[in-house]
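Tertiary structure, described
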Amino acid sequence: MEKQEIFEKIKAALIEDFDIDEAKLVPEAKLYEDLELDSIDAVDLIVKLKSFLPRNIDPEVFKAVRTLQDVVDAIYNLIHSESK
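Each value, and the rule that gives it
- Residues numbered from 1 in each chain as written.
- Predicted model: local features only at pLDDT ≥ 70, side-chain atom pairs only at ≥ 80, totals over all residues.
- Heavy atoms only, no water.
- Helix = DSSP H or I, 4+ residues; strand = E, 2+ residues; numbered from the N terminus.
- Rg over C-alpha atoms; globule rule 2.2 N^0.38 Å.
- Buried < 20%, exposed > 50% of the residue type's maximum accessible area, 1.4 Å probe, protein only.
- Axes fitted to C-alpha atoms, helices over the stretch in contact; angles between N-to-C directions.
- Parallel < 35°, antiparallel > 145°, perpendicular 65-115°, else oblique.
- Left-handed = near helix turned anticlockwise from the far one by under 90°.
- Contact = heavy atoms within 4.5 Å.
- Nonpolar A, V, L, I, M, F, W, Y, C, P; charged D, E, K, R; others polar.
- Patch = residues over 30% accessible without salt bridge, like charges linked within 9 Å, V, L, I, M, F, W, Y side chains within 5 Å.
- Areas by Shrake-Rupley, 256 points an atom, 1.4 Å probe, with all protein chains shown as cover.
- Salt bridge = Lys/Arg side-chain N within 4 Å of Asp/Glu carboxyl O.
- Lys, Arg positive; Asp, Glu negative; His and termini not counted.
- Charge placed at Lys NZ, Arg CZ, Asp CG, Glu CD.
- Expected span 1.5 Å × (residues − 1).
- Arc of directions from axis to C-beta.

For the protein, the count of helices and strands is four helices and zero strands. Along the protein, helices and strands appear, N-terminal first, in the series α-α-α-α. Taken over the C-alpha trace, the protein has a radius of gyration of 12 Å; the compact-globule value for 84 residues is 12 Å, and the two agree within 12%. In terms of overall dimensions, the protein has C-alpha extents of about 35 × 25 × 20 Å along its principal axes. Relative to its full complement of 84 residues, the protein shows a buried share of 36%.

What follows is the structure in structure tokens.
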């Protein structure tokens, strides 16, 4: 799965499950400030994303994410580290 596909899946989840305006969903959008997600929303998003990940997500991986692109990169790295 490539980064653009991951971004599209995350974007769809944010629109569908969190009612976030699509115009706000750009790679540099900050999860907490721009998208107004709180820590519970972040957990809900991770649960939603588990469906297309090869294994469980280590919460430590997501402690450093701040932007939508950070989430895409973290998921991409999880997927591709599994396939090596």
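Moving on, we get to the packing of helix H1 (residues 3-18) against helix H2 (residues 39-49). Their axes nearest at 11 Å, the elements H1 and H2 cross at an angle of 125°. Classified by the interaxial angle, the pair formed by H1 and H2 is oblique. Along this stretch, H1 crosses H2, giving a crossing that reads as right-handed. Residue-level inspection shows Ile-10, Ala-13, Leu-14, Glu-16, Asp-17 and Phe-18 of H1 in contact with H2, the latter providing Asp-41, Asp-44, Leu-45, Lys-48 and Leu-49. A per-class count over the contact of H1 with H2 returns six nonpolar, no polar and five charged.

Residues Glu-28, Glu-33, Asp-34 and Glu-36 make up a contiguous surface patch of negative charge. You can see Glu-33 is positioned in the loop between H1 and H2.

Below, the discussion takes up H1. If you check H1, its first and last C-alpha atoms are 21 Å apart, about what 16 residues at 1.5 Å a residue would give, namely 22 Å. For H1, the set of buried residues is Ile-6, Phe-7, Ile-10, Lys-11, Ala-13, Leu-14 and Phe-18. One side of H1 holds all its buried residues, which, seen down the axis, span an arc of 160°. The exposed set on the far side of H1, more than 90 degrees from its buried face, consists of Gln-4 and Glu-16.

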